[in-house]
Amino acid sequence: MRFGHDIMRQADALAAFSEDPPRITRRYLTPQHRQAGNYLLGLMRDAGMEAGYDALGNVVGRFRAAAPDAPVVMTGSHMDSVRNAGRYDGLFGILTAIACVRDLSSRGKRLPFTFEVVAFGDEEGVRFGVTLVGSKAMGGSFDPAWLETKDADGVTLREALVAFGGDP
């Protein structure tokens with residue numbers, strides 16, 4: 001229970017970033033995605049990480065090892081949701097990792113590896129019908145044809161990504 005209350009409070013705050021409150025719906029590259037991402041950036045930075053958006057709208061926090069050439073270990077989960085989603089789906093895997101880094105940082109501890117926490121922008125595929133966009137890109141299997149897929153309003157993934165500030 002050492003971190004539980006903070007994690008629950010943070011999950012409650014993130015639940016407010018929804019397209020249709022009080023239900024939770026947070027689609028990829030929407031204003032709610034930006035709100036949730038900015039909130040997570042703040043948590044990551046407060047925990048002692050360098051943090052920012054990558055080219056596909058994923059939020060990436062980095063807790064550097066003492067040695068500059070140390071290997072990298074990555075963890076995290078997704079911050080998007082299905083329609084009327086659960087409050088903790090995806091976010092728990094992000095918030096718990098940030099809590100661990102916060103604890104390490106507060107004690108002045110560094111790991112023998114650089115630790116990255118990633119909040120993937122898309123797993124569910126609700127908006128564009130393509131799933132795992134950010135994690136597939138990090139894993140080396142992004143298909144550029146996905147950039148031409150359209151949402152229900154006729155907006156392509158490429159257009160939404162550029163409007164979000166990403167880089168196709």
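Above: the structure in question.
Parameters and conventions
- Residues numbered from 1 in each chain as written.
- Predicted model: local features only at pLDDT ≥ 70, side-chain atom pairs only at ≥ 80, totals over all residues.
- Heavy atoms only, no water.
- Helix = DSSP H or I, 4+ residues; strand = E, 2+ residues; numbered from the N terminus.
- Rg over C-alpha atoms; globule rule 2.2 N^0.38 Å.
- Pairing = 2+ DSSP bridges.
- Phe/Tyr/Trp six-rings, centres within 6.5 Å; stacked < 30°, edge-to-face > 60°.
- Buried < 20%, exposed > 50% of the residue type's maximum accessible area, 1.4 Å probe, protein only.
- Lys NZ or Arg CZ within 6 Å of the ring centre and 35° of its normal.
- Salt bridge = Lys/Arg side-chain N within 4 Å of Asp/Glu carboxyl O.
- Axes fitted to C-alpha atoms, helices over the stretch in contact; angles between N-to-C directions.
- Parallel < 35°, antiparallel > 145°, perpendicular 65-115°, else oblique.
- Left-handed = near helix turned anticlockwise from the far one by under 90°.
- Contact = heavy atoms within 4.5 Å.
- Nonpolar A, V, L, I, M, F, W, Y, C, P; charged D, E, K, R; others polar.

Q: Help me out: how do you make sense of the overall build of the chain in this one?
A: Scanning the chain for helices and strands turns up five helices and four strands. Of the regular secondary structure in the chain, the N- to C-terminal order runs α-α-β-β-β-α-β-α-α. In terms of overall size, the chain behaves like a compact globule, its C-alpha atoms giving a radius of gyration of 16 Å where 168 residues would be expected to give roughly 15 Å. Across its three principal axes, the chain shows a C-alpha extent of roughly 50 × 40 × 20 Å.

Q: Looking at this structure, how should I read the pairing of strand β1 (residues 50-53)?
A: As a general feature of sheets, a regular strand has side chains that alternate between the two faces. Pairing geometry for β1 and strand β2 (residues 59-63), over four bridges, is antiparallel. Bridge pairing links E50 to R62 in β2. In this structure, the hairpin formed by β1 and β2 is closed by a connection of five residues, where G57 is found at a positive phi of approximately 85°.

Q: I tried to follow the packing of aromatic side chains on my own but got confused; where do I start?
A: Each pair of aromatic rings is reported with the distance of its centres and the angle of its planes. Applying the stated criterion to the full structure yields five aromatic pairs. Ring plane angle 85° and centroid distance 6.4 Å describe the contact between Y28 and F128, whose orientation is recorded as edge-to-face. On the criterion of sequence distance, the pair formed by Y28 in the loop between α1 (4-15) and α2 (31-46) and F128 in the loop between β4 (114-120) and α4 (133-138) is long-range, its members being 100 residues apart. Here Y28 and F128 have matching classes, each one buried. Sitting above the plane of the Y53 ring, R34 keeps its charged end 4.8 Å from the centroid. It is R34 that lies over the ring of F164; its NZ or CZ is 3.8 Å from the centre.

Q: Honestly, the pattern of salt bridges in this entry has me stumped. Any pointers?
A: Close approach of charged atoms allows side chains with opposite charge to pair. Within this structure, the stated rule accounts for ten salt bridges. For R87, the salt bridge goes to D12, with nearest N and O atoms at 2.9 Å. In this pair, R87 sits in the loop between β3 (72-78) and α3 (91-106) while D12 sits in helix α1, placing the two residues 75 residues apart along the sequence. You can call R87 partly exposed: its relative accessible area is 32%. Overall, the relative accessible area of 41% leaves D12 in the partly exposed class. In this structure, R127 engages D151 in a salt bridge whose closest nitrogen and oxygen atoms are separated by 2.8 Å. Of this pair, R127 sits in the loop between β4 and α4 while D151 sits in the loop between α4 and α5 (157-164), and the two are 24 residues apart along the sequence. On the basis of relative accessibility, which here comes to 13%, the residue R127 falls in the buried class. The class of D151 is buried, set by a relative accessible area of 8%.

Q: Could you clarify how one ought to interpret the packing of α1 against α3 in this entry?
A: The geometry of a pair of packed helices is captured by two quantities: the angle between their axes and the separation between those axes. Two elements in contact, α1 and α3, have axes separated by 10 Å at closest approach and are oriented at 135°. Taken as axis vectors, α1 and α3 run oblique relative to one another. At the point where α1 passes α3, the crossing takes the right-handed sense. Where α1 abuts α3, its residues I7, Q10, A11 and L14 lie against L91, F92, L95, T96, A99 and R102. Residues of the contact of α1 with α3, tallied by class, amount to seven nonpolar, two polar and one charged.

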